[in-house]
Amino acid sequence: MTYFADLSSPQVAALVDGDRTPVLLLPLGAVEPHGPHAPLGTDPLISRGMCERAASRLAADSEVHVLVLPEVPYGVTRFAAGFAGGVHIGEETLHSLLVDIGSALIGQRLKRILLVNNHFEPAHLVTLRRAAETLNFAYDGRVALLDLVRRRHASRLTDEFKSGECHAGRYETSLVLADRPELVDQVVMRELPHVPVSLASAPEDGGFLAMGMADAYCGAPAEATAAEGEETFSTLTDLLVEAIRELARE
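Criteria and thresholds
Residues numbered from 1 in each chain as written. Predicted model: local features only at pLDDT ≥ 70, side-chain atom pairs only at ≥ 80, totals over all residues. Heavy atoms only, no water. 1 Å grid on protein atoms, 1.4 Å probe; cavity = no way out; pocket = protein on both sides within 12 Å on 5 of 7 lines; lining within 4 Å. Points joined across faces, edges and corners; volume = space filled by probe spheres on them. Helix = DSSP H or I, 4+ residues; strand = E, 2+ residues; numbered from the N terminus. Nonpolar A, V, L, I, M, F, W, Y, C, P; charged D, E, K, R; others polar. Expected span 1.5 Å × (residues − 1). Buried < 20%, exposed > 50% of the residue type's maximum accessible area, 1.4 Å probe, protein only. Arc of directions from axis to C-beta. Contact = heavy atoms within 4.5 Å. Pairing = 2+ DSSP bridges. Right-handed = clockwise from strand over helix to strand, strands pointing away. Axes fitted to C-alpha atoms, helices over the stretch in contact; angles between N-to-C directions. Left-handed = near helix turned anticlockwise from the far one by under 90°. Salt bridge = Lys/Arg side-chain N within 4 Å of Asp/Glu carboxyl O.

## Remarks on the layout of surface pockets
And step 1. Of the volumes computed, that of the largest pocket is approximately 470 Å³.
And step 2. Forming the walls of the largest pocket are 22 residues, and the residues nearest its centre are F120, V149, G164, L199 and A200.
And step 3. Only α4 (122-139) and α6 (159-163) provide two or more residues apiece to the lining of the largest pocket.
And step 4. Element by element, the count of residues in the lining of the largest pocket is highest for α6, at three residues.
And step 5. When its residues are assigned to classes, the lining of the largest pocket shows twelve nonpolar, five polar and five charged.
And step 6. Counted as a void, the second largest pocket has a volume near 380 Å³.

## Digging into α4
And step 1. Taking 1.5 Å per residue, 18 residues should reach 26 Å; α4 reaches 25 Å between its end C-alpha atoms and fits that length.
And step 2. Residues of α4 that are buried: H124, L125, T127, L128, A131, A132 and L135. For α4, the buried positions fall inside an angular range of 160° around the axis, keeping them on one side. Those residues of α4 that are exposed and aimed more than 90 degrees away from the buried face are F137 and A138.
And step 3. Buried residues along α4 sit in contact with β1 (21-28), α3 (91-106), β3 (112-117) and β4 (142-146).
And step 4. The positive-phi residue at the C-terminal boundary of α4 is D140, with phi of around 60°.

## Observations concerning the pairing of strand β2 (residues 64-68)
And step 1. Within β2, four of the five residues are buried, leaving the element largely enclosed by the surrounding structure.
And step 2. Of the strand pairs in this sheet, β1 and β2 are connected by five bridges, and their pairing is parallel. Its bridge partner lying in β2, T21 is registered against V64.
And step 3. Assessed by its sense of winding, the connection that carries the chain from β1 through helix α2 (residues 42-57) to β2 is right-handed.

## Things to note about the packing of α3 against α4
And step 1. With their axes 9 Å apart at the nearest point, α3 and α4 run at an angle of 35° to one another. Along this stretch, α3 crosses α4, giving a crossing that reads as right-handed. Of the residues in α4, those touching α3 at E91, E92, L94, H95, L98, V99, G102, S103 and I106 are A123, H124, T127, L128, R130, A131, T134, L135 and Y139.
And step 2. Split into classes, the residues belonging to the contact of α3 with α4 amount to nine nonpolar, six polar and three charged.

## A few points about the pattern of salt bridges
And step 1. Applying the stated criterion across every chain yields a total of 17 salt bridges.
And step 2. Notably, a salt bridge pairs D147 with R150, separated by 3.5 Å at the nearest N-O pair.
And step 3. Within the structure, one salt-bridge network assembled from shared partners comprises R53, D179 and E230.

## Regarding the side chain of S174
And step 1. Checked against the element boundaries, S174 lands in helix α7 (residues 170-179).
And step 2. Residues contacting S174, with those up to four places away along its chain left out, are A224, T225, A226, E228 and G229.

## Overview of the side chain of H95
And step 1. Among the secondary structure elements, H95 is positioned in helix α3.
And step 2. The exposure class assigned to H95 is buried, which follows from its relative accessible area of 11%.
And step 3. Here H95 is in contact with T127, R130, A131 and T134, once residues within four sequence places are set aside.

Here's what the structure looks like:
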């Protein structure tokens, strides 16, 4: 089975005494505008797609037992203020939620939890890192964050991702086209001009509008393809599988 919530209670109890090391994946993101062409749930959709692919790749592995937890689709998204559809939650709310989820699992001896995130607003990332630290130091967990903005990970992703012009641009739109093409308005997408705004230089108190993202996207979504999305998903899955194996060894 791929999904933790599909297991029965006895099946969960058997995980910790099985022959394989259980590693639980928690998909994360934010519900927020992704241009006039892509769905609000782009970020958690990508996280879930990564987790499903990694779990499938490792389904027959003799060392690790990978399961996907129900996703947490809400995050810190102040940058989206001024656009319809953004659902912001505060840092302390997100931190408390993740710590409560993690501590409940750790209390059942399911200590290895990997946070899989595709929402890169700085305050959101800081909160995820802090939640992992809290679970490790206060609850004796083995919790890690696959932090895609770290240089060693970002260097393996697309040029647009590395440039920071990747909110609902070619990078993210390609991934959605690979997984849920019916959610992308491709007629609108093909008409969108390139917006050369890098999130890497975003001010802490800024937002999409202040950065010059008048339609809540940057980069070049018109260049997106499902083929590029599949290739990027393959790389993302490589990164996730490596993180799973590293966590299983701890």
